[in-house]
Amino acid sequence: MQDKIINYRLPIVVSAIVITVLSLFAFPRLKVNATVDDYVPNSIQNKVHLKQLDSIFGGNKMIMVMLQKEDVVNAATLNRLSGLAKDLGKIKGIDRVISPFDAQEPSIEDGVMSVHPFFNHIPDNPVANDSLKNRIVANNLTSRFFSEDFSLVSLVLVKNTQTPDKIIEDIKLVIQKHPGTEEVLIGGMPFIGYSIAGNIQSDLMILLPIAMILMIGMLYFSFKEWKGVFMPFVIVAMSIILSFGLMAFFGWQISLFSILMPIMIIAIGNDYSIHLIARYQELAREDETLSMKQICRQIYKDLNRPILIAGLTTISGVLGLLTHTMVPAAQLGVLTAIGIGFALVLSLWFLPAILSYFKPKRTIKHEKTKKSFINRILNLFGRWITVYPKQLVLISAFITAISIVGIFFLRVDTNVESYFSGKSEVGRSTRLINEKLGGSKFISILFSGDVLSPEVLKRMEYYEKEILKDPAVGHVSSPATMIKELSKGFYTPDEKGYNQIPDDAGEIYQLLEVFSLGGNEDAISQFMDYNYENARLMISLKDGSNSAVKHLLKTINALTKDDSNVQFTAGAGLNEIELADMVVSGQIKSLIFAMAVIFILLSFVFRSPKAGLLSSLPLSIAILVLFGLMGLLGIAVDIATALTSSIMIGVGVDYTIHFLWHFKEERAKGFCHKEAVLSTLETSGRGIVINAVSVIVGFLPLVLSSFTPLKFFGALVVISITTCLISSLLIVPAIVILTKPQFLEKK
Amino acid sequence: MIRYTFFILLLTLSFPSFGQDNAETIFKKASEKLFLTNMEMTINIKETGKNKQVKEKTFHVLMAKFGMVEKTKTVIQKPIRAEGVTIVITKNPKKSGLIEIFTPANGKIRKLKATPQNMDRVGASSPISNYTSMDTNELYVKLIGKQQLDDKPNYLIMVTEKKDTTGSKAEFLIDEKSFRILQIVSYDSSGNKSISNLSDFQDISGYKGKVYPMHIVTKSMKDGEEKDIKVLSLTPRPDVKEEDFKILSAKN
């Protein structure tokens, strides 16, 4: 095969370039999809229920526009808000604007009830402002738009379901046309979606070049030769282009997960070429008479099998993501696997083919004798392994045991609000909405049947009171609240019936009919359908974390379990709960899949199940340390960090494979176990360390991501790869010395 | 030559006002054709909401003018659970209008100011009366041009209220021969458009030349809401008195 590569080097190089260029042509078809809800399969129950809610009550995606100032109750701020409410309502795609200016205030005139707009005029002096504040506090319909300390006032824009989140750009333009001294903040799920889309693009534009630059620096530092930089760089770049090209070809969209794809290819895809370059340098150093063509044939002959096995195990590990229920995670698995596969093929064929055109770099004498930093570390490792093998195994067992304790503290959180740091625009607005305005995420309880009967409404009133006791809940509203409010327009405060649900269904119906005739159908349609056959109780969440929402769901289920009118509880917030369950099950499934594939593959390659077990050991230790650390440090398992273990398995197993492969060769040369370990560390160890460092360097830029889960993901990959590396270079050799396994002996 | 130039100049200067007079005359003729006061009718409204859900309502309506004061009394007949709910709207050019609502279930009367929003909603059963019932002196009327409808030529006239500051306006499509209003395109203060198609005109007996559209279909272009209004019966009531608009019988 090595001869064919050299003989057909030109067609190999041309074919690789043609495939890459063709992939580039597909790039214009790439699209970004940042809607996290779209990542959840359509079949899940909450999504089905949400669709049902949308069909009954219309779209319910709300955007909040907030003005923040020390004191917002003043003429300038309120006039600005009023202007914004009017102009934002003109934007195509905004169904309606709900603002404090819609609120009405009942009063008694000439002995008869009358209702006026709350803001008949906006006062412009401090005394009148204070009196206005008192009126705001007393009016439920107005006070919900203001924070308790009057530092925040808001508008709610109801977005049409078909309108994309890009409408935020139109909103920003309108805000620009209404300048003022107040800080304007935007919040709500569509804004989060819009920000995710923007951040995905900026992350790709920033992180990808940083990862590339770091990789170049690392390669140059390791090989001190431009061929050592150029070859892995070109292979990685071509693999990324192919994966994105295929993404466009399949019609898949760029998701939050897609940011990981090029980073993973950069980190993993250059490993194979690194081993080949390291071997080329070894050969060029050892025998100065060898020509480049001879070296290229030799490096292929020496490394094609371990590299192929390492590549296949990595691909298997990454393909573990296919078992994930979230479609973008599975797509990430497929595309990354293809990218890595292409990098593997390019490393084995394209690299020797193109390398054969260059001249080998001959190392000068003092470089030959000088021991590198990596080699000095590996020598130290060698001493520890050969002198203290038992102690090393015991220490690792102890660390693993501590990690197991940490796993019990592990928590799952898929709340999209936590994707952003507290200092970001989204982070700040989310915090303000949750702390001061009762939250922007809603869940609904759907009631069907005779929803206007006093019994059903009184049950809703009771549920409202009970649910409001939950600390995660901001506001609770239902037709019961609305009807009580309507009764105020017909009864005086001293009359029975004031602020009460009427005992007669006919009266309830007439109150609503009159309210609807008064131009308030939109307000009714939030809670009830057109013919009053369905109604909903709406709960806003000021804490959208999984644990808080799960606790609230338990409360709701306990409250409503015997209520025949209650159909289901659903909401965008609950999608994330199901997402969390999927993340956990996806994680478990992909771990089992990847470990099983690796076990089978290595048992087959080394013709022994013991080899499968031994190769799985560093991975098992690294997985336990990873999850233990996450538990102890309070890092949640989320949609990104959940992928860490699959990636670690795919990448980390390579180190053990390279070690075991070379160790077997050393044993075949007649070295004893200890000598074979020392020799393997000195030769293959260097490649393994450079390989691991390149992965770490590749993933490191993720700590600069705009998304908190990706930052943690970057940090966790660094930790887990380091653990894998240490396990492969310390624990595996120590166990090999202690157990002297048969599968590493020449038959 | 001087006389000729003077004639051309005079003709040019007076051209816009000819157009203005023409538009006002057309609009006035069309408005006067409609029978809008001192009458009694029963109307059925089929409302189709944003989510394509349908609701049907039947109203009994009484309309009259007492000097400058216009009154409309609407009594809900269907849905049955809202039967008897009565709304009386009083429009007085000298005072702010009033909407009185009576709910028989609790025997209570509620009074509301006749804000444009509330008036729009309560007066939705008769969108044609918004501008046509007004004095043309209170309106800006402009002939935009001509437009075909069912292969027949029609005048297209834009009307705005002089005192309006919100930007609301309406475009009337008026039959060139019969001066019947066939279509009204209304724009609210936010520029949202709704289209009302008027058809099935019925002559009013005893009032020569007066007609009323017995079928009106209004569609909101913003949210797709539709109202299909059918006039089930229409009777002129020259005998109607102010007492007929009083809300009677309270429970308590």
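Cut-offs applied
Residues numbered from 1 in each chain as written. Chains lettered and ligands numbered in written order. Predicted model: local features only at pLDDT ≥ 70, side-chain atom pairs only at ≥ 80, totals over all residues. Heavy atoms only, no water. Helix = DSSP H or I, 4+ residues; strand = E, 2+ residues; numbered from the N terminus. Buried < 20%, exposed > 50% of the residue type's maximum accessible area, 1.4 Å probe, protein only. Contact = heavy atoms within 4.5 Å. Areas by Shrake-Rupley, 256 points an atom, 1.4 Å probe, with all protein chains shown as cover. Pairing = 2+ DSSP bridges. Axes fitted to C-alpha atoms, helices over the stretch in contact; angles between N-to-C directions. pLDDT = per-residue confidence, 0-100. Buried area = accessible area lost by both parts, 1.4 Å probe. Salt bridge = Lys/Arg side-chain N within 4 Å of Asp/Glu carboxyl O. Core = buried A, V, L, I, M, F, W, Y, C linked by side-chain atoms within 4.5 Å. Domains from an automatic or database assignment. Phe/Tyr/Trp six-rings, centres within 6.5 Å; stacked < 30°, edge-to-face > 60°. Patch = residues over 30% accessible without salt bridge, like charges linked within 9 Å, V, L, I, M, F, W, Y side chains within 5 Å. Parallel < 35°, antiparallel > 145°, perpendicular 65-115°, else oblique. Left-handed = near helix turned anticlockwise from the far one by under 90°.

Points about the overall build of chain A
- Helix and strand content of chain A: 28 helices and ten strands.
- Across the 747 residues of chain A, 61% fall into the buried class.
- When contacts within chain A are restricted to residue pairs at least 6 apart in sequence, those whose partners lie at least 24 apart make up 80%.
- Element-wise, carbon and sulfur atoms account for 61% of the exposed surface of chain A, whose accessible area totals about 30,000 Å².

Observations regarding the overall build of chain B
- What chain B contains, in helices and strands, is three helices and 13 strands.
- Here chain B holds 252 residues, and 44% of them are scored as buried.
- Within chain B, contacts between residues separated by at least 24 positions form 41% of all contacts whose residues are at least 6 apart in sequence.
- Carbon and sulfur atoms make up 54% of the accessible area of chain B, which totals about 13,600 Å².

Focus on the side chain of Ser 220 of chain B
- Relative to the helices and strands, Ser 220 of chain B is located in strand 12 (residues 211–220).
- Apart from residues no more than four positions distant in its own chain, Ser 220 of chain B is found in contact with Lys 193, Ser 194 and Glu 225 of chain B.

As for the pairing of strand 1 (residues 39–48) of chain B
Residues and elements named next belong to chain B.
- Counting buried residues along strand 1, eight of its ten residues qualify, which places the element largely inside the surrounding structure.
- Looking at chain direction, strand 1 and strand 2 (residues 54–66) are connected through ten bridges and run antiparallel. Bridging from a neighbouring strand, Ile 43 pairs with Phe 59 of strand 2.
- Strand direction decides the pairing type here: strand 1 and strand 13 (residues 226–236), joined by ten bridges, are antiparallel. By the bridge assignment for strand 13, Glu 47 is matched with Lys 227.

A short note on the pairing of strand 4 (residues 86–91) of chain B
Residue and element names in this part refer to chain B.
- Of all six residues making up strand 4, five are buried, and the element is well covered by its neighbours.
- Bridge count between strand 3 (residues 69–78) and strand 4: six bridges; the pairing is antiparallel. Its bridge partner being in strand 4, Thr 72 is matched across the sheet by Ile 89.
- The sheet contact formed by strand 4 and strand 5 (residues 98–103) spans five bridges and is antiparallel. Note that in strand 5 the partner of Ile 89 across the bridge is Ile 99.

Brief notes about the sheet that holds strand 10 (residues 566–571) of chain A
All names here are of chain A.
- Across the sheet, four strands lie side by side as 8-9-7-10; this open sheet has antiparallel pairing. Each end of this open sheet is capped by a strand with a single partner; those strands are strand 8 (473–477) and strand 10. This sheet shows a mean twist of 20 degrees between the axes of neighbouring strands, independent of strand direction.
- Across the sheet, helix 4 (residues 45–57) is in contact with strand 7 (441–448), strand 9 (534–541) and strand 10; its angle to strand 10 comes to roughly 105 degrees.
- Lying on the sheet, helix 23 (residues 546–560) is in contact with strand 7, strand 8, strand 9 and strand 10; it crosses strand 9 at an angle near 150 degrees.

Some details on the confidence of the model for chain B
All names here are of chain B.
- Across chain B, the average pLDDT comes to 79, with 81% of residues at or above 70.
- Taken as a whole, residues 5–20 scores under 50 in pLDDT and shows one contact with residues more than four places along the chain or in a different chain.
- Predicted as a complex, the structure gets a pTM of 0.69 and an ipTM equal to 0.72.

With respect to the interface of chain A and chain B
- In this complex, chain A contributes 40 residues to the contact, which on the side of chain B involves 34 residues.
- For the pairing of chain A and chain B, the buried interface totals around 3,500 Å² over both sides, and the portion due to carbon and sulfur atoms is 49%.
- On the chain A side of the contact with chain B, Gln 510, Leu 517 and Tyr 530 of chain A bury the most area, a combined 23% of that side's loss.
- Counting the contacts that link chain A with chain B gives two salt bridges.
- Ionic pairing is found between Lys 57 of chain B and Glu 513 of chain A, a salt bridge with its closest N-O pair at 3.2 Å.

Notes on the nonpolar core
- Counting residues in each nonpolar core, the largest one holds 292 residues, and the members touching the most others are Phe 146, Ile 171, Phe 350, Ile 467, Ile 539 and Phe 699 of chain A together with Ile 174 of chain B.
- At 16 residues, helix 28 (residues 708–739) of chain A tops the list of elements feeding residues into this core.
- Counting contributing residues per domain, this core is built from domain 1 (2–30 + 193–408 + 577–744) and domain 2 (38–187 + 421–570) of chain A, each supplying no fewer than three.
- Leu 62, Ala 64, Val 88 and Phe 245 of chain B belong to the second-largest nonpolar core, a separate cluster that totals eight residues.

Focus on the sheet that holds strand 1 (residues 61–68) of chain A
All names here are of chain A.
- Pairing within the open sheet is antiparallel, and its four strands lie in the order 2-5-1-6. The outermost strands of the open sheet, each flanked by one partner alone, are strand 2 (94–98) and strand 6 (183–187). Averaged over neighbouring strand pairs, the angle between their axes works out to 20 degrees when direction is ignored.
- Across four bridges, strand 2 lies against strand 5 (residues 152–159) in antiparallel orientation. Each residue of the ladder has a partner; that of Arg 96, found in strand 5, is Val 158.
- Sitting on the sheet, helix 9 (residues 189–223) is in contact with strand 1, strand 5 and strand 6, with an inclination near 90 degrees to strand 1.

Digging into the pattern of salt bridges
All names here are of chain A.
- One pass over the full model with this rule turns up 21 salt bridges over all chains.
- A salt bridge links Glu 282 to Arg 279; the shortest N-O distance between them is 2.7 Å. You can see Glu 282 and its partner Arg 279 sitting in helix 12 (residues 271–286), three residues apart, about one turn around the helix.
- Residue class for Glu 282 comes out buried when judged on its relative accessible area of 11%.
- Ionic pairing is found between Lys 469 and Glu 466, a salt bridge with its closest N-O pair at 3.0 Å.
- Classification of Lys 469 as exposed rests on a relative accessible area of 60%.
- Overlapping salt bridges bring together Arg 279, Glu 282 and Asp 302 as one network.

A word on unusual backbone geometry
- Cis geometry marks the peptide bond from Lys 78 of chain B to Pro 79 of chain B; its omega dihedral reads 5 degrees.
- Mapped onto the fold, Pro 79 of chain B is located in the loop between strand 3 and strand 4.
- Non-glycine residue Asn 499 of chain A carries a positive phi angle of around 55 degrees.
- Mapping Asn 499 of chain A onto the fold places it in the loop between helix 20 (479–487) and helix 21 (505–517).
- By relative accessible area, which is 34% here, Asn 499 of chain A ends up partly exposed.
- Positive phi, close to 55 degrees, is recorded for Asp 200 of chain B, a residue that is not glycine.
- Looking at where Asp 200 of chain B falls in the secondary structure, it is placed in strand 11 (residues 193–203).
- The class for Asp 200 of chain B is exposed, based on a relative accessible area of 54%.

Examining the packing of aromatic side chains
Residues and elements named next belong to chain A.
- In this structure the tally under the stated criterion is 19 aromatic pairs over all chains.
- Measuring from ring centre to ring centre gives 6.1 Å for Phe 606 and Trp 661, while their planes differ by 65 degrees; the resulting arrangement is edge-to-face. In this pair, Phe 606 is assigned in the loop between helix 24 (572–605) and helix 25 (609–633) and Trp 661 in helix 26 (residues 644–668), connecting sequence segments 55 residues apart.
- For Phe 606, a relative accessible area of 2% gives the class buried.
- Residues Phe 659 and Phe 663 carry aromatic rings whose centres are separated by 5.9 Å and whose planes lie at 25 degrees to one another, so their mutual orientation is stacked. Linking Phe 659 with Phe 663, this pair stays in helix 26, spanning four residues, or about one helical turn.

Some details on a nonpolar patch on the surface
Residue and element names in this part refer to chain A.
- Where nonpolar side chains cluster on the molecular surface, the patch consists of Leu 10, Val 14, Ile 17, Val 18, Val 21, Leu 22, Phe 25, Phe 230, Tyr 357 and Phe 358 and spans about 970 Å² of accessible area.
- Broken down by element, the residue count for the nonpolar patch peaks at seven residues, all from helix 2 (residues 9–25).
- Note that Phe 230 resides in helix 10 (residues 226–250).

Brief notes about the packing of helix 10 of chain A against helix 14 (residues 327–355) of chain A
Residues and elements named next belong to chain A.
- Between helix 10 and helix 14, the least distance of the axes is 8 Å, while the angle of their chain directions is 140 degrees. Between helix 10 and helix 14, the crossing angle belongs to the class labelled oblique. Helix 14 is crossed by helix 10, and the crossing has right-handed handedness. Across from Lys 227, Met 231, Val 234, Ile 235, Met 238, Ser 239, Leu 242, Ser 243, Leu 246, Met 247 and Phe 250 in helix 10, the residues of helix 14 making contact are Leu 335, Ile 338, Gly 339, Phe 342, Ala 343, Leu 346, Ser 347, Phe 350, Leu 351, Ile 354 and Leu 355.

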